[in-house]
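# Tertiary structure, described
If you want the building blocks of each chain, they are given just below.
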Amino acid sequence: MLTYWNSALPSTSSTTIQGTNTPVPYFSLQHIRYRSSSGSRPSKFIVVAQNPAAMQQKLTIPNKHGEKLVGVLHETGSEKLVVLCHGFRSTKEYDIMANLAAALENEGISAFRFDFSGNGESEGSFHFGNYKSEADDLRSVVEYFTGVNRTTVVVLGHSKGGDCVLLYASMYHDIPAVVNISGRYDLKRGIEERFGKNIWERLKKDGYIDVKTKNDGNYRVTEESMTERLNTNIHEACLSIDESCRVLTVHGSADEVIPIEDAKEIAKLVPNHYLKIVEGANHGYTSHQAELVSSVLPFVKECMQ
């Protein structure tokens, strides 16, 4: 179920996929495939790009440090496009990025999903924090497309990418619309949960900690990078977004990483804001990819008009 606040968005007809309780708008139903698994509920939601007039191509864009940012352009021929930004220790290939880009492509909307520097296929070293630098990477992408006579109408980000697009809008004031999916409002929260309560003593003692992970490799957190995160003020960023810039925040009610209260705080601060809560969704929308797509598409389509 979707819960809406200030939902002055166009209504969309919907139906339900057989074997699920997931309503899906008619405009994307034909592009949905499920991989079967045991039990009645499918395990993975995939949007299949089926626009015969579209093509996908890999692009390399230099950032202001000369590092190559690698991305995939879902080219439909539309002059207007959406740029998608992944989250912490993620890439452009993450399910949310790939599914949303394919859904946009199927609607005839060009989309570009890319890896921030130090992530995925892009050059550079990974840095914890790095919020402003990632906003600058996004700036390089927007300027590239401006230089080839394309207009970035929407910047969209998930998790840390959500913070990136909010920061971008507060810094550059040149994007008509923003989609923040599960971004964090209070960057002082979540640190001890991820690194342990003794994180501050360890950083003060050695100046850094090395973090070992099971799935996505190891990385280093320095005292400097932690300070940069703590000094990044999403509250002030939200207040600095132009009133003419439309912002959609989508958040899962069962988000185990970033509490739903963060979305509600952002909603209070941004003047031209829409808030959608996806009931039961976790931080990665693992079982709610269809609901996420159907939450984002009507907003983006209206912004493209």
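This write-up is about the structure you can find in this document. If you're wondering where the values come from, they're calculated on a predicted model, not measured in any experiment.

Within the secondary structure, G190 sits in the loop between strand 11 (177–181) and helix 5 (191–195). Measuring from C-alpha to C-alpha, the distance between G190 and P259 comes to 9.7 Å, with 69 residues separating the pair along the chain.

Per the stated rule, a full pass over the model turns up 16 salt bridges. Between R150 and E75 there is a salt bridge, and its shortest N-O distance comes to 2.8 Å. Of this pair, R150 sits in the loop between helix 3 (131–147) and strand 10 (151–158) while E75 sits in strand 7 (residues 68–75), and the two are 75 residues apart along the sequence. Accessibility classification places R150 together with E75 in one group, the buried group. Between E121 and K92 there is a salt bridge, and its shortest N-O distance comes to 2.6 Å. In this pair, E121 is assigned in the loop between strand 9 (110–114) and helix 3 and K92 in the loop between strand 8 (80–85) and helix 2 (95–106), connecting sequence segments 29 residues apart. Taking relative accessible area as the criterion, E121 reaches 42% and is therefore assigned partly exposed. With relative accessibility at 1%, the residue K92 sits in the buried group. Counted as one network, the salt bridges with shared partners bring together K58, K92, E93, R113, D115 and E121.

Moving on to the packing of aromatic side chains. Going through the model one piece at a time under the given rule, you end up with eleven aromatic pairs. Ring centres of F114 and F116 lie 5.1 Å apart, and the angle between their planes is 70°; on these two criteria the pair is classed as edge-to-face. With 5.1 Å between their ring centres and 80° between their planes, Y144 and F145 make a pair best called edge-to-face. Linked through ring pairs, F88, F126, F128, F195 and Y219 together constitute an aromatic cluster. Lying over the aromatic face of F126, R89 brings its terminal NZ or CZ to 4.5 Å of the ring centre.

On to the side chain of K160. Checked against the element boundaries, K160 lands in helix 4 (residues 160–172). Excluding residues that lie within four positions of it along the chain, K160 makes contacts with H86, G87, F88, H127, G129, N130, Y131 and E134.

Checked against the element boundaries, W200 lands in helix 6 (residues 199–206). On a C-alpha basis, the gap between W200 and M226 in space is 9.6 Å, while along the polypeptide they are 26 residues apart. Beyond its immediate sequence surroundings of up to four residues, W200 is in contact with I191, E192, M226 and L230.

Counting buried positions along strand 10 gives seven out of eight residues, so the element sits mostly inside the fold. The pairing of strand 8 with strand 10 spans six bridges and is parallel. Across the sheet, residue K80 finds its bridge partner in strand 10, namely T151. Pairing of strand 10 with strand 11 involves five bridges; the strand directions are parallel. Bridging across to strand 11, V154 finds its partner in A177. The β-α-β motif built from strand 10, the intervening helix 4 and the parallel element strand 11 has right-handed crossover chirality.

Rules used throughout
Residues numbered from 1 in each chain as written. Predicted model: local features only at pLDDT ≥ 70, side-chain atom pairs only at ≥ 80, totals over all residues. Heavy atoms only, no water. Helix = DSSP H or I, 4+ residues; strand = E, 2+ residues; numbered from the N terminus. Salt bridge = Lys/Arg side-chain N within 4 Å of Asp/Glu carboxyl O. Buried < 20%, exposed > 50% of the residue type's maximum accessible area, 1.4 Å probe, protein only. Phe/Tyr/Trp six-rings, centres within 6.5 Å; stacked < 30°, edge-to-face > 60°. Lys NZ or Arg CZ within 6 Å of the ring centre and 35° of its normal. Contact = heavy atoms within 4.5 Å. Pairing = 2+ DSSP bridges. Right-handed = clockwise from strand over helix to strand, strands pointing away.

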